[in-house]
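This is what each chain is made of:
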Amino acid sequence: MSSVRRAVAEDAAEVLRLRQVMIASMDPDASTDWQAGSLPGLRTRLADPDGDFAAFVVDHPGRPGALAALVVGTLEYRIGGPGRPGGLLGYVFSVATDPGARRRGYARACMAELLAWFRERGAGHVMLTASPDAEPLYASMGFTRDTTPSMRLYL
């Protein structure tokens, strides 16, 4: 298997391509219009190895310059609480594998690296939203269903 590495600014277009793979799995008609506006900020985040944002990737073994898998997360500070007195938590928000590179353990390997990154930085726990297809992977890594209801407001 190809090794996992931390994504860099030069990977930004491929990171967006794989993020679109994930989005399209939930909404096949999803637009890609958002990508041009996202690219500059993503490049900046990927260029900062000491920031609160990290992406771990596997290079595609059959396509030079392409990525096979991607896992992205952020560290967030919230006022501490039970089980998280330091207030840091990890949030995983983008996990995707190129359709031609699935079932090779790439997403699991990337996720393991992201979880290690969270641990090294003192995150008390990690949150994510799981699709039905991905839930078995996360459960096998120790994730459990959260009982706290989630709501959203678009501004």
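As a reminder, the structure under discussion sits directly above these lines.
Residues numbered from 1 in each chain as written. Predicted model: local features only at pLDDT ≥ 70, side-chain atom pairs only at ≥ 80, totals over all residues. Heavy atoms only, no water.

A. A look at the layout of surface pockets. Empty space within the largest pocket amounts to approximately 1800 Å³. Around the largest pocket, the lining is made up of 47 residues, and of these T129, A130, S131, A134 and Y138 lie nearest the centre. Broken down by secondary-structure element, the contributors of at least two residues to the lining of the largest pocket are α1 (12–26), β4 (88–97), α3 (106–120), β5 (125–128) and α4 (135–140). Among the elements that take part in the lining of the largest pocket, β4 stands out by supplying eight residues, more than any other. (1 Å grid on protein atoms, 1.4 Å probe; cavity = no way out; pocket = protein on both sides within 12 Å on 5 of 7 lines; lining within 4 Å. Points joined across faces, edges and corners; volume = space filled by probe spheres on them. Helix = DSSP H or I, 4+ residues; strand = E, 2+ residues; numbered from the N terminus.)

B. The arrangement of α1 in detail. Taking 1.5 Å of rise per residue, the 15 residues of α1 would be expected to cover 21 Å, and the 22 Å separating its terminal C-alpha atoms lies within 8% of that figure. Here α1 has its buried residues at A12, E14, V15, L16, L18, Q20, V21, M22 and I23. Where α1 is buried, its residues meet α2 (35–46), β3 (67–77) and β4. (Expected span 1.5 Å × (residues − 1). Buried < 20%, exposed > 50% of the residue type's maximum accessible area, 1.4 Å probe, protein only. Contact = heavy atoms within 4.5 Å.)

C. Structural detail: the environment of H125. Note that H125 resides in strand β5. A sequence separation of 41 residues divides H125 from R84, and the C-alpha atoms of the two residues are 7.2 Å apart. The residues touching H125, leaving out its near neighbours within four places in the chain, are R84, L88, L89 and G90.

D. Highlighting the packing of aromatic side chains. Tallied over the entire structure, the rule returns three aromatic pairs. Measuring from ring centre to ring centre gives 6.2 Å for F53 and F93, while their planes differ by 40 degrees; the resulting arrangement is tilted. One end of the pair, F53, is in strand β2 (residues 53–59); the other, F93, is in strand β4, and 40 residues separate them in sequence. F53 sits in the buried class, given a relative accessible area of 9%. (Phe/Tyr/Trp six-rings, centres within 6.5 Å; stacked < 30°, edge-to-face > 60°.)

E. Seen up close, the pairing of β5. The sheet contact formed by β4 and β5 spans four bridges and is parallel. In the sheet register, V92 faces β5, and the bridge partner there is L128. Traced from β4 through α3 to β5, the parallel crossover comes out right-handed. (Pairing = 2+ DSSP bridges. Right-handed = clockwise from strand over helix to strand, strands pointing away.)

F. Quick peek at the side chain of E14. Tracing the backbone through its elements, the reader meets E14 in helix α1. For E14, the side chain forms a polar contact with the side chain of R17, separated by 2.8 Å. Not counting residues within four places of it along the chain, the set of residues in contact with E14 comprises G65, A66 and L67. (Polar contact = N/O pair within 3.5 Å; in protein donor to acceptor, adjacent residues only side chain to side chain.)

G. Looking closely at α2. An ideal rise of 1.5 Å per residue puts 16 Å on 12 residues; α2 measures up with 15 Å between its terminal C-alpha atoms. Buried residues of α2: Q35, L39, L42 and L46, and no others. Viewed end-on, α2 has its buried residues packed into an arc of 85 degrees, placing them on one side of the element. Residues G37 and T44 are exposed on α2 and point more than 90 degrees away from its buried face. Along its buried surface, α2 packs onto α1 and β2. (Arc of directions from axis to C-beta.)

H. Here's a closer look at the packing of α1 against α2. Viewed as axis vectors pointing N to C, α1 and α2 meet at an angle of 125 degrees, and their least axial separation amounts to 9 Å. With respect to each other, α1 and α2 are oriented oblique. The interaxial crossing formed by α1 with α2 has right-handed handedness. Counting all contacts with α1, which are made through A12, A13, V15, L16 and Q20, the residues of α2 involved are Q35, S38, L39, L42, R43 and L46. Here the residues of the contact of α1 with α2 sort into seven nonpolar, three polar and one charged. (Axes fitted to C-alpha atoms, helices over the stretch in contact; angles between N-to-C directions. Parallel < 35°, antiparallel > 145°, perpendicular 65-115°, else oblique. Left-handed = near helix turned anticlockwise from the far one by under 90°. Nonpolar A, V, L, I, M, F, W, Y, C, P; charged D, E, K, R; others polar.)

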